[in-house]
Amino acid sequence: MTRVGIGYDSHRFAAGGPLVLGGLRIEADVHLDGHSDGDAVCHALTDAVLGAAGLGDIGALFPDTAAENAGRDSIEMLGLALERVAAEGWLVAQVDVAVISEQVKVAPHREAMRSRLAAALGVDTRDVSVKGKTNEGMGWIGRGEGIAVIAIATLKGRLTPA
Ligand code: MG
């Protein structure tokens, strides 16, 4: 059996680095504002994986009203979501991520991000795709106010009856 899930996330830029994205700490003069570490790539991926398994969303699993989630490592949250998904008998087959930002260039960090995410997802690096797009200067992304991420995850299983 195969399931597909989609995830979307956006975060506003705030002054001062480092930028946490795709599990990397990237040297930059901005960071992503958020209750956790603001890692929009991990958040979109977490929602894609949870969505594919029919297990709700990141907001329900890790409420931004909870003190324990303040500044939280989003790779850790992705790992906990995967444990839920695995408990239902699903394994990640592959993921595809599109980062939409005017000023953050993905290309120099693509391979490191793929490796980091592959380790977190328990898949081969070849099963993780990350790509960057601009918004052609349009709207809030074009003005450099923030970043948007779209992710799709394919799950295989279910290995055990739920
Ligand atoms: Mg988020």
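Residues numbered from 1 in each chain as written. Predicted model: local features only at pLDDT ≥ 70, side-chain atom pairs only at ≥ 80, totals over all residues. Heavy atoms only, no water.

Visitor: Kindly report on the coordination of the magnesium ion, identifying the contributing residues and their values.
Guide: Distances from the magnesium ion to its protein donors, Asp9 (OD), His11 (NE2) and His43 (ND1), fall within 2.2 Å. In primary sequence terms, the donor set of the magnesium ion follows D-x1-H-x31-H. You'll find Asp9 and His11 in the same group, each marked buried. (Donors = N, O, S within 2.8 Å, 3.2 Å for Na, K, Ca; no water. Buried < 20%, exposed > 50% of the residue type's maximum accessible area, 1.4 Å probe, protein only.)

Visitor: Before we move on, can you summarise helix α1 (residues 40-53) with the specific residues and values?
Guide: For an α-helix the count is 3.6 residues per turn, leaving residues at separations of three or four pointing the same way. Taking 1.5 Å of rise per residue, 14 residues should cover 20 Å, and α1 covers 20 Å from first to last C-alpha, within 8% of that figure. Gly54 sits one or two residues past α1 and shows a positive phi near 70°. (Helix = DSSP H or I, 4+ residues; strand = E, 2+ residues; numbered from the N terminus. Expected span 1.5 Å × (residues − 1).)

Visitor: Describe helix α4 (residues 110-121), and please don't skip the residues or the numbers.
Guide: Look at α4: 16 Å from first C-alpha to last across twelve residues, which is about the 16 Å you get at 1.5 Å a residue. Taken together, the buried positions of α4 are Met113, Arg114, Leu117, Ala118 and Leu121. Axial view of α4: buried residues confined to an arc of 130°, hence all on one face. At its buried positions, α4 is contacted by β2 (19-21), β3 (24-26), α1, α3 (74-87), β5 (90-100) and β6 (128-133). Where α4 ends, the next residue or the one after it, Gly122, has phi of about 70°, a positive value. (Arc of directions from axis to C-beta. Contact = heavy atoms within 4.5 Å.)

Visitor: Before we move on, can you summarise the packing of α3 against α4 with the specific residues and values?
Guide: When two helices pack together, their arrangement is given by the angle between their axes and by how far apart the axes lie. One can describe the packing of α3 onto α4 by two numbers: an axis separation of 9 Å at closest approach and a directional angle of 35°. Between α3 and α4, the contacting residues are Ile75, Leu78 and Leu82 on the first element and Arg116, Leu117, Ala120 and Leu121 on the second. (Axes fitted to C-alpha atoms, helices over the stretch in contact; angles between N-to-C directions.)

Visitor: A description of the side chain of Ser74 should follow, citing residues and the corresponding values.
Guide: With respect to the secondary-structure elements, Ser74 resides in helix α3. Residue Ser74 is classed as buried on the basis of its relative accessible area, which comes to 1%. In this view, Ser74 contacts Ser36, Asp37, Asp39, Cys42 and His43; residues no more than four positions away in its chain are not counted.

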